[in-house]
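Geometric and topological summary
What follows is the residue order along each chain.
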Amino acid sequence: MPIQHSTWAERVPLIDYRGVDWSNVTRTRYFCYQRFHYCYPGPITNLHQRLIVVPPDRYGDQVVVDHDLTSAPHPAVSREHTDVFGNRIWTIAVDRVEHEIAFETIMTVERTTPELAVAVSPAAAARFRDPTPLTAADDRITTIARELLQSSRNPEDLAERISVWVADSMSYGSGATGVQTTAAQALRIGKGLCQDYAHIMLAICRVAGLSARYVSGHMLAEGGTHAWVEVLVPGENGSLRAVAFDPTNRRRANLSYAIVAVGRDYRDVAPTSGSFTAPYGGRLAFTKRAGLTLIELGDGEIVESGAPSALGSGST
């Protein structure tokens, strides 16, 4: 009998956020349920799974309210640790799986504004300045970085110009790239998904002398995991502050985003990865339900899910 998914997550009421003026939002509570269901043609052994699906307890203005991880139907040994970037990592071991296994995670986070900038020391920021295999520059990226650098007023303005340039230079669409596509390849293709937009922006930022990191998380109305970029610009007392840009949507990230993890590129923060022993591969089915359960506006009005909405309707 196939593994049944949890139905309680489907009953969590969510706010209709259409028509929200995000410039007037001061606090949000974000609920996210995810299910990773693996099926195999036969038994597998020595399953080792790695999940990066829940953020650290605090990240800037974001705080984790609650979180949980379950697996079925096989008993699993799970361990939690923090990686060098501060991300929450779950590693899960299962000796034997007959035909299928599912991992279900939930998280609820709250975000507030004005944004509590994430302060980063220059030493910590240095690891986000060097290129990676996925963000290595070619001649075109190098030329664009130099041109944008010459026309910018300061590091934050440079980052803004890079984000806009990437948005203008790419078209969004699936099938043309994969998670192993490099920034240079995606730019030559001219079409890709959010991770491609992020990798291209990272590549240009790093050539231009900016430390920048890949952000994995969730955005309202996005079906899967979303990706954007944090650029580290001068802050107070010699530290750097993280400013979030979403080149896929040609805007800065706001309180409609929930942050999960940061790294140098996609490989550092892949939501799920692992290995097992078997003469065949497996198949993954992914399910997600996410949305807001609370919105607080600038005048102090609080709208909670399950209550009549005063937010109106319209486009997101």
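Residues numbered from 1 in each chain as written. Predicted model: local features only at pLDDT ≥ 70, side-chain atom pairs only at ≥ 80, totals over all residues. Heavy atoms only, no water.

1. Quick look at the nonpolar core
- Ranked by internal contacts, the top residues of the largest apolar core, which has 73 residues, are I162, V166, I204 and V231.
- When residues in this core are grouped by element, the largest group, nine residues, is from helix α6 (residues 194-207).
- Excluding residues within four positions of it along the chain, V166 makes contact with Y197, I200, M201, I204 and P247.
- Listed in part, the 16 residues of the second largest apolar core include V118, A125, W228 and A244. (Core = buried A, V, L, I, M, F, W, Y, C linked by side-chain atoms within 4.5 Å. Buried < 20%, exposed > 50% of the residue type's maximum accessible area, 1.4 Å probe, protein only. Helix = DSSP H or I, 4+ residues; strand = E, 2+ residues; numbered from the N terminus. Contact = heavy atoms within 4.5 Å.)

2. Description of the pattern of salt bridges
- Applying the stated criterion to the full structure yields 18 salt bridges.
- The closest approach of N and O atoms between R111 and D61, which form a salt bridge, is 3.0 Å. Placement of R111 in strand β7 (residues 100-112) and of D61 in the loop between β3 (58-59) and β4 (62-72) is noted, with a sequence separation of 50 residues between them.
- When salt bridges with common partners are traced through the structure, they connect R27, R29, E110 and E296 into a single cluster. (Salt bridge = Lys/Arg side-chain N within 4 Å of Asp/Glu carboxyl O.)

3. A short note on unusual backbone geometry
- A cis geometry characterises the amide bond from A72 onward to P73, with omega recorded as 0°.
- Along the chain, P73 falls in the loop between β4 and β5 (77-82).
- The phi torsion at N46 lies on the positive side, around 55°, for a residue other than glycine.
- Its identity as a non-glycine residue notwithstanding, R250 has a phi of 55°, on the positive side.

4. So, the pairing of strand β13 (residues 240-246)
- Within β13, six of the seven residues are buried, leaving the element largely enclosed by the surrounding structure.
- Bridge count for strand β8 (residues 119-120) against β13 is two bridges, and the pairing is antiparallel. Pairing of A119 across the sheet is with R241, part of β13.
- Of the pairings in the sheet, the one linking strand β12 (residues 226-234) to β13 comprises six bridges and is antiparallel in character. Opposite E230, over in β13, you have A244 as the bridge partner.
- The hairpin turn running from β12 into β13, its antiparallel successor, is five residues long, and N237 in that turn takes a positive phi close to 55°.
- Across two bridges, β13 lies against strand β14 (residues 251-252) in antiparallel orientation. (Pairing = 2+ DSSP bridges.)

5. Details of the packing of helix α3 (residues 139-151) against helix α4 (residues 155-169)
- Their axes nearest at 9 Å, the elements α3 and α4 cross at an angle of 135°. Considering their axes alone, α3 and α4 lie oblique with respect to each other. Between α3 and α4 the crossing geometry is right-handed. Touching R140, I144, L148, L149 and S151 of α3 are D157, L158, R161, I162 and W165, all from α4.
- Here the residues of the contact of α3 with α4 sort into six nonpolar, one polar and three charged. (Axes fitted to C-alpha atoms, helices over the stretch in contact; angles between N-to-C directions. Parallel < 35°, antiparallel > 145°, perpendicular 65-115°, else oblique. Left-handed = near helix turned anticlockwise from the far one by under 90°. Nonpolar A, V, L, I, M, F, W, Y, C, P; charged D, E, K, R; others polar.)

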